[in-house]
Amino acid sequence: MHYSAWQILKNGLRGGKNWRPLWHSKEPKKSYDIIIIGGGGHGLATAYYLAKNHALKNVAVIEKGYLGGGNVGRNTTIVRANYLLDGNSQFFSHSLKLWESMEQELNFNTMMSQRGILSLGHSDGQMDSLARRGNMMISQGDDAELLSAKELSDYVPYVNQTDPRFPIYGGLLHRRGGTARHDAVAWGYARAADRLGVDIIQNCEVTGMIVNNNTISGVQTTKGKIKADKIGMAVAGRTSQVADMVGLKLPIESHVLQAFVSEGLKPCVDCEISWGAELFYISQSDKGGLVFGGDIDKYNTYAARGNLPAIENVMEAAMALMPMIGRAKVLRSWGGIVDMTMDGSPIIDKMPINGLYLDGGWCYGGFKATPASGWCFAHLLATDEHHEVAEKYTLDRFEKGYLLDEEATGATPNLH
Ligand SMILES: Cc1cc2nc3c(=O)[nH]c(=O)nc-3n(C[C@H](O)[C@H](O)[C@H](O)COP(=O)(O)OP(=O)(O)OC[C@H]3O[C@@H](n4cnc5c(N)ncnc54)[C@H](O)[C@@H]3O)c2cc1C
């Protein structure tokens, strides 16, 4: 069914009884050409682009839970292309362009809203570094505007610029950045992949991999053995556990990242604001809740539940940035497991085992990468060549020392 205003009218008049499920619930076949482990945004986008761009349709996505239950449905929905480093910059620029055409491409409302991303600067040094980043974004073909303190106070008057601890000198505005409804992105890619013949298999956990002579030939799952010549791992926070099934130790640690939403309020925050004094960011959802978050909890864990010190940190930052937030009630908080690499940048690469591929290490920034990650991982799986915008995301950069350390913090995930 093609979604259109006419379908909404027709189905509305018929009591909404003719809508069909977005994708078919399939049982696994005995074998596929390619299996993607993980039905998050990245796995589903990869399956879609394998079918769409490379005409590879004998593909399955194996998800241990339900679609949207992982980080794709837990993130704070921010989409942007404001990266500095050669390698990251081209990749995220490509991703933002794919976001801009996603709703037409998938025929699905992902509620993409280019409301702008504002990064704040708290010192002359930080303003210099925002100017440098903005110049890089512009030279890459993206947009950036440096705002003075006065321009900033006109733009976001509720922000406290005169806190003596964290004075605000100005900011960098990226107008094409914004938000999108996170789980709709998973549903949109799932529907589009299903329409092209991809099998989406939920409630099926991969428990092992079948490897002979350093070559992979399939996976063991809770629904039995499934053969495939190529296996792609797109399991986000579980990357180290799934890689461990074949004895691979990756430069990845798992941490929990928490997020928060307030009660619904009238529109008051009309862009996304990133505080520069510490990691804190905030936007307002279309339902009215203020959606905000901060840094990862500082210990390794696979439990998607955070702890109080990180919550206290986030609440203090929120109060310092915009004291009016103290009047709002927090409705709920949640956590997701993020796969932190040792330089803060991802890996899209072949693994040392023939037929095994990885799309992982997205840290806390993989939602905005979803379309380009799917595009580039599909390219790698189909052609065995790196896509040009993802050619720096190799595993051997950790061995050779060519790190993509966007935050210049070194191999310390806590500081990324
Ligand atoms: C609180 C929070 C806020 C965030 N905010 C942002 C943001 O604002 N902007 C941004 O760009 N990024 C953000 N991120 C990061 C982003 O959500 C992730 O980087 C991205 O979603 C990861 O890719 P994914 O969607 O494929 O992951 P997931 O949705 O987690 O998909 C991985 C899937 O693999 C499945 N899986 C795992 N093991 C197995 C197995 N053995 N067998 C079968 N299936 C398996 C899981 O069940 C899961 O569904 C945030 C993350 C969190 C937790």
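Being a predicted model, the structure only gives us computed values, none of them experimental.

Basis of the calculations
- Residues numbered from 1 in each chain as written.
- Predicted model: local features only at pLDDT ≥ 70, side-chain atom pairs only at ≥ 80, totals over all residues.
- Heavy atoms only, no water.
- Core = buried A, V, L, I, M, F, W, Y, C linked by side-chain atoms within 4.5 Å.
- Buried < 20%, exposed > 50% of the residue type's maximum accessible area, 1.4 Å probe, protein only.
- Helix = DSSP H or I, 4+ residues; strand = E, 2+ residues; numbered from the N terminus.
- Domains from an automatic or database assignment.
- Contact = heavy atoms within 4.5 Å.
- Buried area = accessible area lost by both parts, 1.4 Å probe.
- Salt bridge = Lys/Arg side-chain N within 4 Å of Asp/Glu carboxyl O.
- Near = heavy atom within 4 Å.
- Polar contact = N/O pair within 3.5 Å; in protein donor to acceptor, adjacent residues only side chain to side chain.
- Areas by Shrake-Rupley, 256 points an atom, 1.4 Å probe, with all protein chains shown as cover.
- Nonpolar A, V, L, I, M, F, W, Y, C, P; charged D, E, K, R; others polar.

## A few points about the nonpolar core
Note on soluble globular proteins: their nonpolar side chains tend to be buried together.
Alright, step 1. Formed by 52 residues in total, the largest nonpolar core has its most connected members in Phe-91, Trp-99, Tyr-189 and Ile-348.
Alright, step 2. Broken down by secondary-structure element, the contributors of at least two residues to this core are β1 (31-37), α2 (41-54), β2 (59-62), α3 (88-106), α6 (182-195) and α9 (370-383).
Alright, step 3. By size, the runner-up hydrophobic cluster in this structure holds 28 residues, among which are Ile-62, Val-246, Leu-250 and Leu-358.

## Some thoughts on the domain arrangement of the protein
Alright, step 1. Under the domain assignment used here, the protein contains domain 1 (26-75 + 183-251 + 344-394 + 404-415) and domain 2 (113-178 + 253-341).
Alright, step 2. On a C-alpha basis, the centres of domain 1 and domain 2 stand 29 Å from each other.
Alright, step 3. On the side of domain 2, 19 residues touch domain 1, which itself brings 20 residues to the contact.
Alright, step 4. Of the roughly 1800 Å² buried where domain 1 meets domain 2, counting both sides, 49% is carbon and sulfur surface.
Alright, step 5. A per-residue breakdown of the area domain 1 buries against domain 2 is headed by Tyr-364, Pro-413 and Asn-414, which together make up 33% of the total.
Alright, step 6. Connecting domain 1 to domain 2 are 1 salt bridge.
Alright, step 7. With its nearest N and O atoms 3.1 Å apart, the salt bridge here joins Arg-133 to Glu-406.

## So, the environment of Pro-309
Alright, step 1. Secondary-structure assignment places Pro-309 in helix α8 (residues 308-321).
Alright, step 2. Expressed as a C-alpha distance, the spacing of Pro-309 and Ser-254, which sit 55 residues apart in the sequence, is 18 Å.

## A look at the pattern of salt bridges
Any two side chains of opposite charge can pair if their charged atoms end up close together.
Alright, step 1. Evaluated as defined, the whole model comprises 19 salt bridges.
Alright, step 2. One salt bridge in this structure joins Arg-181 and Asp-183, with 2.9 Å as the shortest N-O distance.
Alright, step 3. Classification of Arg-181 as partly exposed rests on a relative accessible area of 35%.
Alright, step 4. Judged by its relative accessible area of 15%, Asp-183 is buried.
Alright, step 5. Two residues, Arg-397 and Asp-343, come together in a salt bridge whose shortest N-O distance is 2.7 Å. Of this pair, Arg-397 sits in helix α10 (residues 397-400) while Asp-343 sits in the loop between β16 (330-341) and β17 (347-350), and the two are 54 residues apart along the sequence.

## Overview of the environment of Ile-8
Alright, step 1. Looking at the element boundaries, Ile-8 is found in helix α1 (residues 5-13).
Alright, step 2. Residue Ile-8 is classed as exposed on the basis of its relative accessible area, which comes to 57%.

## Regarding the site of the ligand
Alright, step 1. Among the 37 residues in the neighbourhood of the ligand, the closest are listed as Glu-63, Asn-71, Val-72, Thr-76 and Lys-368.
Alright, step 2. Contact between the ligand and Gly-41: an oxygen atom at 3.0 Å from a main-chain N or O atom of the residue.
Alright, step 3. Note that an oxygen atom of the ligand is positioned 3.1 Å from one of the backbone N or O atoms of Ile-78.
Alright, step 4. For the ligand, whose accessible area on its own is 1000 Å², the fraction buried by protein is 96%.
Alright, step 5. Broken down by secondary-structure element, the contributors of at least two residues to the shell around the ligand are α2, β12 (252-264) and β16.
Alright, step 6. Tallying contributions element by element places β12 first for the shell around the ligand, with 3 residues.
Alright, step 7. Partitioned by chemical class, the residues of the shell around the ligand number 17 nonpolar, 14 polar and 6 charged.
Alright, step 8. Looking at which domains feed residues into the shell around the ligand, each of domain 1 (26-75 + 183-251 + 344-394 + 404-415) and domain 2 (113-178 + 253-341) supplies at least three.

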